[in-house]
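If you want the building blocks of each chain, they are given just below.
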Amino acid sequence: ADPELEAIRQRRMQELMARHGTGKQGNQQNPDQEGAQEDAKREADERRQMMLSQILSSQARERIARIALVKPEKARGVEDVILRAAQMGQIVEKVSEERLITLLEQINSQTTKQTKVTIQRRRGVDDD
């Protein structure tokens, strides 16, 4: 549906065809396997991003991108939660920035780390 997305797919297919064509001439399986794994990982990431772009509004995507700059693991977790909810049919319309903020607050309240500070004073030999 999107011409830009179609252009990206065409480039990716050309890269894959070129890579597999040169990889078979070298007769080395380990680099081929690594290349195939990288390609699979890249393709899965592209599918993930495409799904997120369909689920999230542009403002929500920008907010997740800003979170990912500071805490990539947290952004990935939020994306996972959103994707799972969409797959289960809990998300029917695009997620707005406000809804994303409430989701982030819920996740923060569930995953808050309790820090405890313990002070141990040294007791000197002369203490009475």
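Residues numbered from 1 in each chain as written. Predicted model: local features only at pLDDT ≥ 70, side-chain atom pairs only at ≥ 80, totals over all residues. Heavy atoms only, no water.

By the naming in an unreviewed UniProt entry, the protein is Programmed cell death protein 5, taken from Thlaspi arvense. Regarding the protein, the relevant UniProt record gives this comment under Sequence similarities (unreviewed entry): "Belongs to the PDCD5 family." (UniProt positions renumbered as here; feature names shortened; annotations may be inferred.)

## A look at the overall build of the protein
Within the protein, the regular secondary structure consists of 5 helices and 0 strands. N-terminal to C-terminal, the α/β element order of the protein is α-α-α-α-α. Each of the 128 residues in the protein was classed as buried or not, and the buried ones make up 20%. Excluding contacts between residues fewer than 6 apart, the proportion of contacts in the protein whose partners are at least 24 apart in sequence is 67%. Summed over its atoms, the accessible surface of the protein is roughly 10,800 Å², and 49% of this surface lies on carbon and sulfur atoms. (Helix = DSSP H or I, 4+ residues; strand = E, 2+ residues; numbered from the N terminus. Buried < 20%, exposed > 50% of the residue type's maximum accessible area, 1.4 Å probe, protein only. Contact = heavy atoms within 4.5 Å. Areas by Shrake-Rupley, 256 points an atom, 1.4 Å probe, with all protein chains shown as cover.)

## Some remarks on the nonpolar core
Inside soluble globular proteins, nonpolar side chains tend to come together where they are buried. The biggest cluster of nonpolar side chains holds 17 residues, and the ones touching the most others in it are L56, I64, V78, I82 and L100. When residues of this core are traced back to their parent elements, those giving at least two are helix 2 (29-55), helix 3 (58-70), helix 4 (72-87) and helix 5 (97-110). Among the elements that make up this core, the one with the highest residue count is helix 4 (5 residues). Those residues within four positions of L100 in sequence are excluded, and the remaining contacts are A60, R63, I64, V78, I82 and V95. (Core = buried A, V, L, I, M, F, W, Y, C linked by side-chain atoms within 4.5 Å.)

## Considering the environment of A75
Structurally, A75 can be placed in helix 4. The buried category is assigned to A75, whose relative accessible area is 2%. Separated by 10 residues in sequence, A75 and A65 place their C-alpha atoms 7.6 Å apart. Leaving out residues up to four positions away in the same chain, A75 has contacts with I64, I67 and A68.

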